[in-house]
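Understanding the architecture of this molecule
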Amino acid sequence: MKIAFIGGGNMATALIGGLLRDGIEPASIHVVEVDAERLAVLKQRYGIEGASVPDERLRGVDATVFAVKPQQMREACTQCRPWLDSGFALTIAAGIPSASVAAWSGRQQVVRAMPNTPALIGAGITGISGGTGLAPAARNLADRIMRAAGEVVWFDDESMLDAVTAVSGSGPAYVFFFIESLQAAAQAMGMTPEQARRMSIATFLGASQLAQQSGEPVEVLRERVTSKGGTTAAALEKMRTFGLREHITQAVFAALERSRELAKTYGDSDR
């Protein structure tokens, strides 16, 4: 097995580390990273092979993981194309359709994936789609690559990856924003910054774990915390008055539209 990573940023680093923990040999991984310092760190830390530009070492790979920004995707694909003669392409760039990656890279089989930043600690979740023509071996390898950083959810319809981007791809930022707000409220009530941080983060962590492990709808869990006429009810009523749920929905749809805009701006294979 041979896996090539085009781009050696944070997400690629998380995937590489996860794959090595999963038993993949360092010699099976090759990374192309233009930043010489970052490339040196990756090679030293993981014992993998690497280069600053695409070359003949991309020949014969089973999977080419394009871990670059949307605006860099076309150039990355076209630079690699002369050397890619096997395997499938896997893109983790937001908004770029698999058809564009196929046109630019010359790879007929393309898997599109959208991980999120908790993947950096192996706690991410990735939405992934490979189309109906994806070979079983390619699907299994793509699943293994992305599962190295957390959970994986497959979608038959690639267009759902824009929704994945809006919900889970951008989702950690929403959670951080709410933690920020809860911390600010705690400090306004007299807590120290450290106390506010610990109380807020632990509350989110515990509630998330409870929601995951209980198997019950989150609405039921919320209702159990909310005593009629109590403190929680007062807070939730204020949130309803402000239309918080509707505002959150509108915000997530804004992320969805931005993902679609990225596809139009950077994903047009004819441009």
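Structural notes, computed from the coordinates.

Rules used throughout
One numbering rule holds for all chains: residues counted from 1, following each sequence as written. Where totals are concerned, whole chains, interfaces and linings use all residues; where local detail is concerned, this predicted model gives features only for residues with pLDDT of at least 70, and gives and counts side-chain atom pairs only at 80 or more. Side-chain numbers here rest on the full set of heavy atoms in the structure, without hydrogens or water. Secondary structure elements are taken from DSSP: a helix is a run of H or I of four residues or more, a strand is a run of E of two residues or more, and numbering for both begins at the N terminus. Three exposure classes are used, based on accessible area relative to the maximum for each residue type with a 1.4 Å probe and protein chains only: buried under 20%, partly exposed in between, and exposed over 50%. Residues count as neighbours in contact if any of their non-hydrogen atoms are within 4.5 Å of one another. Here the accessible surface of atoms and residues is derived via Shrake-Rupley with a 1.4 Å probe, and residues count as covered only by protein chains that are part of the display. A pair of strands is considered paired only if DSSP assigns at least 2 bridges between the two. Note on geometry: axes are C-alpha line fits, over the in-contact stretch for helices, and angles between N-to-C directions span 0 to 180 degrees. The definition of a nonpolar core used throughout is a set of buried Ala, Val, Leu, Ile, Met, Phe, Trp, Tyr and Cys residues joined through side-chain atoms within 4.5 Å. Taken from the helix axis, the directions to the C-beta atoms give the arc we talk about. Roughly parallel covers angles under 35 degrees, roughly antiparallel covers those over 145, roughly perpendicular covers 65 to 115, and oblique covers all other angles. Ten residues, namely Ala, Val, Leu, Ile, Met, Phe, Trp, Tyr, Cys and Pro, are considered nonpolar, four, namely Asp, Glu, Lys and Arg, are considered charged, and the remaining ones, Gly among them, are considered polar. Think of a salt bridge as a Lys or Arg side-chain nitrogen and an Asp or Glu carboxyl oxygen that are within 4 Å of each other. Geometry of aromatic contacts follows a simple scheme: Phe, Tyr and Trp rings, the Trp one being its six-membered ring, pair when their centres are within 6.5 Å, and the pair is stacked under 30 degrees between planes, edge-to-face over 60, tilted otherwise. Sitting over a ring, as applied to charges here, requires NZ of Lys or CZ of Arg to be within 6 Å of the ring centre and within 35 degrees of the ring normal.

Let us look at the overall build of the chain. Helix and strand counts for the chain come out as 11 helices and eight strands. Referenced to the eigenvectors of the C-alpha coordinate spread, the extents of the chain come out at roughly 70 × 40 × 30 Å. Going through the 271 residues of the chain one by one, you find that 41% of them count as buried. Taking contacts inside the chain between residues at least 6 apart in sequence as the whole, the part at least 24 apart equals 60%. Looking at the chain as shown, the accessible area adds up to about 15,000 Å², and 56% of this sits on carbon and sulfur atoms.

A separate point is the sheet that holds strand β3 (residues 49-51). Whether parallel or antiparallel, the strands of a sheet pair through hydrogen bonds between backbone atoms. Pairing in this open sheet of eight strands is mixed, and the strands run β3-β2-β1-β4-β5-β6-β7-β8 from one edge to the other. Each edge of the open sheet carries a strand with a single partner, namely β3 and β8 (150-154). Within the sheet, the average angular offset between the axes of one strand and its neighbour, ignoring direction, is 20°. Taken strand by strand, helix α5 (residues 136-147) contacts β1 (3-6), β4 (63-66), β5 (88-91), β6 (110-114), β7 (124-129) and β8, and its axis lies near 145° from that of β8.

Here the focus is the nonpolar core. Phe5, Leu90, Ile145 and Met146 are the most contacted members of the largest nonpolar core, which totals 34 residues. Filtering out sequence-adjacent residues up to four positions away, Met146 remains in contact with Leu15, Leu90, Ile92, Ala113, Pro115, Thr126, Ile128 and Val152. The next biggest cluster of nonpolar side chains, apart from the first, holds 18 residues, and it includes Val61, Val68, Met73 and Ala89.

This paragraph deals with helix α3 (residues 73-80). All of the buried residues in α3 are Met73, Ala76, Cys77 and Cys80. Looking down the long axis of α3, one finds its buried residues gathered within 95° of arc, a one-sided arrangement. Tucked inside the fold, the buried residues of α3 contact β1, β4, β5 and α4 (98-105).

As a further point, take the packing of helix α6 (residues 160-169) against helix α7 (residues 171-188). Direction vectors running N to C along α6 and α7 enclose 25°, while the axes themselves pass 5 Å from each other. Considering the angle they form, α6 stands roughly parallel to α7. Every residue of α7 that contacts α6 at Ala166, Val167, Ser168 and Gly169 is listed here: Gly171, Pro172 and Tyr174. Of the residues in the contact of α6 with α7, the class split is four nonpolar, three polar and no charged.

Per the counting criterion, the structure on display carries eight salt bridges. When salt bridges with common partners are traced through the structure, they connect Arg112, Glu158 and Asp162 into a single cluster.

For the rest of this paragraph, the subject is the pairing of β6. Burial analysis of β6 places five of its five residues in the buried class, the great majority of the element. Pairing analysis gives three bridges linking β5 to β6, with the strands arranged parallel. Counterpart to Ala89 in the pairing with β6 is Val110. Pairing of β6 with β7, which is carried by three bridges, proceeds in the antiparallel orientation. Residue pairing in the sheet places Ala113 in a bridge with Ile128 of β7.

Another point: the packing of aromatic side chains. Evaluated as defined, the whole model comprises one aromatic pair. Between the NZ or CZ atom of Arg139 and the centre of the ring of Trp154, over which it lies, the distance is 4.0 Å.

Right, let's talk about the environment of Asn10 for a bit. Topologically, Asn10 is positioned in helix α1 (residues 10-21). On the basis of relative accessible area, Asn10 is assigned to the exposed category, the value being 59%. Through-space distance from the C-alpha of Asn10 to that of Thr117 is 8.7 Å; in sequence the pair is 107 residues apart.

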